[in-house]
Amino acid sequence: MIQIIPAIDIIDGKCVRLSQGDYNRRTTYTPTPADMAKAYADAGVTRLHLVDLDGAKAGHPCNLPALEEIASLGLLDIEWGGGIKDRKGLEDVLDAGAGHAIIGSLAVKQPELFEEWVREFGGEKIILGADLRDGKVSVSGWLEDSSLSIHDLMERFLPHGLTEVITTDISKDGMLSGPSSEMYLDLMKRYPGVTFTVSGGISSMEDIEELDRLGLTRVIVGKAIYEGRITLPNLASYLKSRLIR
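Residues numbered from 1 in each chain as written. Predicted model: local features only at pLDDT ≥ 70, side-chain atom pairs only at ≥ 80, totals over all residues. Heavy atoms only, no water.

> Got a minute to help me understand the overall build of the protein in this structure?
Scanning the protein for helices and strands turns up eleven helices and twelve strands. Taking 18 Å as the expected radius of gyration for a compact globule of 245 residues, we find that the protein reaches 16 Å, a close match to that expectation. A separation threshold of at least 6 residues defines the contact pool for the protein, and within that pool the share at least 24 residues apart is 66%. Counting every atom, the protein has about 10,500 Å² of accessible surface; 47% of that belongs to carbon and sulfur. Side-chain charges of the protein comprise 26 positive and 37 negative groups, with the mean position of each set lying 3 Å from the other. (Helix = DSSP H or I, 4+ residues; strand = E, 2+ residues; numbered from the N terminus. Rg over C-alpha atoms; globule rule 2.2 N^0.38 Å. Contact = heavy atoms within 4.5 Å. Areas by Shrake-Rupley, 256 points an atom, 1.4 Å probe, with all protein chains shown as cover. Lys, Arg positive; Asp, Glu negative; His and termini not counted. Charge placed at Lys NZ, Arg CZ, Asp CG, Glu CD.)

Below you can see the structure in the form of structure tokens.
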């Protein structure tokens, strides 16, 4: 059964969504992050994807109060990305209640430090975030493109205990155009010991069902929920039906 992980992107403590990572193409939503988290938990969701977009630009976590409020509910396993550029940022995020830290820019710019964290904290707690634009990894909140491919990162970090990767196709993110299924299937085939989370492009429950059929194990869903293409009752019904089987 594929695990559905709703995304909450945060700017100034509010829920937002960007289109293709463009901060100027932003939609702000009314519910607070904590309100959304509670609604997801009530629908049967067990894991939440939080992204600190302010932190991604600033280079340090900026929305820890939202993380603390959600963690205090005690309802969800939380993965956090955005602004973790040094050990203090990592420890602040974990201390605030995140169970997993998603590291993207630092893995590209300071790979030795990322390797150290994976060895120290474990591959389940330290997740590689690889956001791809035209096959290359983008960093700093998608504002800067590197010369590295996802395969460059995989080959470097696998020997150090990497086991979880969230890969986003930026061209798909926020566009509701369907996921890059072939890319994820190729990654699964090449690196069978790694759990890849699908991110970007999910537009409907049919997309999720197809990923499940293909054997993908995790998927992040964001804009499709906020735009009403996937409703909370849809999620609740699907999750309940999968548990019954």
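> Mind showing me how you'd approach helix 1 (residues 33–42) here?
The α-helix advances 3.6 residues per turn, and as a result positions three or four apart in sequence lie on the same side. Within the span of helix 1, buried status applies to P33, A34, M36, A37, Y40 and A41. Angular distribution of buried residues about the axis of helix 1 spans 160°; they occupy a single face of the element. Of the residues one or two after helix 1, G44 is the one with positive phi, at around 105°. (Buried < 20%, exposed > 50% of the residue type's maximum accessible area, 1.4 Å probe, protein only. Arc of directions from axis to C-beta.)

> What is the right way to read helix 3 (residues 64–72) from this model?
Within the sequence span of helix 3, burial applies to L64, A66, L67 and I70. Looking straight down helix 3, one finds its buried side chains confined to an arc of 155°; they lie on one side. Turned more than 90 degrees from where helix 3 packs its buried face, P65 and S72 sit exposed. At its buried positions, helix 3 is contacted by strand 1 (3–11), helix 1, strand 4 (47–52), strand 5 (77–81) and helix 4 (87–95). Once helix 3 ends, the next one or two residues include G74, with phi positive near 65°.

> What's the story with the pairing of strand 1 in this structure? I'm lost.
Within a regular beta strand, the side chains point alternately toward one face of the sheet and then the other, so they alternate between its two faces. Of all nine residues in strand 1, eight are buried, a share of seventy percent or more. Both strand 1 and strand 12 (residues 218–221) contribute to a ladder of four bridges, which runs parallel. What sits directly across from I5, in strand 12, is I220. Sheet analysis places strand 1 next to strand 4, joined by four bridges and oriented parallel. Across the sheet, residue I8 finds its bridge partner in strand 4, namely L50. Taken together, the three bridges between strand 1 and strand 2 (residues 14–19) define a ladder with antiparallel strand orientation. For D9, the partnering residue across the bridge sits in strand 2 and is V16. Linkage of strand 1 to strand 2, two consecutive antiparallel strands, is achieved through a turn of two residues, within which D12 is found at a positive phi near 55°. (Pairing = 2+ DSSP bridges.)

> Whenever I open this one, the pairing of strand 8 (residues 136–139) confuses me. Can you help?
Sheet topology places strand 7 (residues 126–133) next to strand 8; three bridges connect them, and they run antiparallel. Bridge assignment links L132 to a residue of strand 8, and that residue is V137. Taking the residues that link successive antiparallel strands as the turn, the strand 7-strand 8 hairpin has two residues, and the phi of D134 there is positive, at about 55°. In this structure, strand 8 lies alongside strand 9 (residues 144–145), joined through two bridges in antiparallel fashion. Within the sheet, the bridge partner assigned to S138 lies in strand 9 and is D145.

> Would you explain the side chain of T167 in this entry?
Its place among the elements puts T167 in strand 10 (residues 164–169). Residue T167 is classed as buried on the basis of its relative accessible area, which comes to 0%. Excluding residues that lie within four positions of it along the chain, T167 makes contacts with A130, L132, I150, M183, Y184, L187, F196, T197, V198 and S199.

> It is not clear to me how the pattern of salt bridges should be interpreted in this structure. Could you clarify?
Two side chains bearing opposite charge may form a pair once their charged atoms approach each other closely. Evaluated as defined, the whole model comprises 13 salt bridges. Between R47 and D77 there is a salt bridge, and its shortest N-O distance comes to 3.8 Å. You can see R47 sitting in strand 4 and its partner D77 sitting in strand 5, a full 30 residues away along the chain. D77 gets classed as partly exposed once you look at its relative accessible area, which sits at 30%. One salt bridge in this structure joins K88 and D92, with 2.7 Å as the shortest N-O distance. (Salt bridge = Lys/Arg side-chain N within 4 Å of Asp/Glu carboxyl O.)

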